[in-house]
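Geometric and topological summary
As a plain string of letters, each chain reads:
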Amino acid sequence: QVQLVESGGGLVQPGGSLRLSCAASGSMFSINAMGWYRQAPGKERELVARIITSTHSTNYADSVKGRFTISRENAKNTVYLQMNSLKSEDTAVYYCYADNRVSGRSWGQGTQVTVSS
């Protein structure tokens, strides 16, 4: 089982930036992919971004393309979500996940991001 610990959420004004972090306790060589979902009030959970460990290839939801960047620091087993030009619509609880080739999918505890003036 992979343990995930999230950090970096908070309150930011529209147009501002935040960086979320998600640290995995398992071996980096056992994790095939990591990514982020978000859940906003009154909306269904949506996939925001993901990154493939071996290739560093990424993909994003259309709503965040050009504003968000996902990256992974393999030596620390940590994935980041750099969020720029934040909008009120980005307000949500953000959950990271990791897909492990042995134990399957693990989830972080969630971190609140609030974009408001």
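Refer to the structure presented above.
This section reports on the structure supplied with the text.

Rules behind the numbers
Residue indices follow the written sequence of each chain, beginning from 1 at its first position. Confidence filtering applies because this is a predicted model: local features only for residues at pLDDT of at least 70, side-chain atom pairs given and counted only at 80 or more, and all residues used for totals across whole chains, interfaces and linings. The basis for every side-chain value is the complete set of heavy atoms in the structure, and neither hydrogens nor water enter the calculation. Strands are runs of DSSP state E lasting at least two residues, helices are runs of H or I lasting at least four, and both sets are numbered from the N terminus onward. Relative accessible area decides the class of each residue, using a 1.4 Å probe on protein chains only: under 20% of the type maximum gives buried, over 50% gives exposed, and in between gives partly exposed. Two residues form a contact once any of their heavy atoms are found within 4.5 Å. Take a side-chain nitrogen of Lys or Arg and a carboxyl oxygen of Asp or Glu: if they are within 4 Å of each other, that pair is a salt bridge. Put simply, a disulfide is two cysteine sulfurs that come within 2.5 Å. Strands qualify as paired when DSSP identifies two bridges or more between them. Geometry is summarised by axes, namely lines fitted to C-alpha atoms with helices restricted to the contacting stretch, and by angles between N-to-C directions that run from 0 to 180 degrees.

Glancing now at the environment of Leu 18. Mapped onto the elements, Leu 18 comes out in strand 3 (residues 18–24). Accessibility expressed as a relative area gives 15% for Leu 18, which makes it buried. Here Leu 18 is in contact with Gly 8, Gly 10, Val 12, Leu 81, Gln 82, Met 83, Leu 86 and Val 113, once residues within four sequence places are set aside.

Here the focus is the environment of Ala 49. Relative to the helices and strands, Ala 49 resides in strand 5 (residues 46–52). In sequence terms Ala 49 and Val 93 are 44 residues apart; their C-alpha atoms lie 14 Å from each other. Apart from residues no more than four positions distant in its own chain, Ala 49 is found in contact with Gly 35, Trp 36, Asn 59, Tyr 60, Ile 70 and Leu 81.

So, about the pattern of salt bridges. Pairs can form between side chains of opposite charge whenever their charged atoms are close. Inspection of every chain in the model, using the stated rule, returns five salt bridges. Where Asp 62 meets Lys 65, a salt bridge forms, and the shortest distance between an N and an O atom there is 3.2 Å. In this structure, the salt-bridge partner of Asp 90 is Arg 67, at a minimum N-O distance of 2.8 Å. You can see Asp 90 sitting in the loop between strand 8 (78–83) and strand 9 (92–100) and its partner Arg 67 sitting in the loop between strand 6 (58–60) and strand 7 (68–73), a full 23 residues away along the chain. A residue is classified by how much of its surface remains accessible, and Arg 67, at 11% relative accessible area, is buried. What you see here is one network of salt bridges that share partners, running through Arg 38, Glu 46, Arg 67 and Asp 90.

What follows concerns the state of the cysteines. Per the counting criterion, the structure on display carries one disulfide. At a sulfur-sulfur separation of 1.9 Å, the disulfide partner of Cys 22 is Cys 96. Linking Cys 22 and Cys 96, the disulfide has an S-S dihedral of approximately 50° and is accordingly described as right-handed. Taken together, the positions of Cys 22 in strand 3 and Cys 96 in strand 9 put the pair 74 residues apart, joining distant regions of the chain. Taken as a pair, Cys 22 and Cys 96 share a single burial class, namely buried.

Strand order in the open sheet made by the four strands is 1-3-8-7, with antiparallel pairing throughout. The strands lining the two open edges of the sheet, one partner per strand, are strand 1 (4–7) and strand 7. Recorded for the sheet is a direction-independent mean angle of 15° between the axes of neighbouring strands. Alignment of strand 7 against strand 8, held across six bridges, turns out to be antiparallel. Looking across to strand 8, one finds that Thr 69 is bridged to Gln 82.

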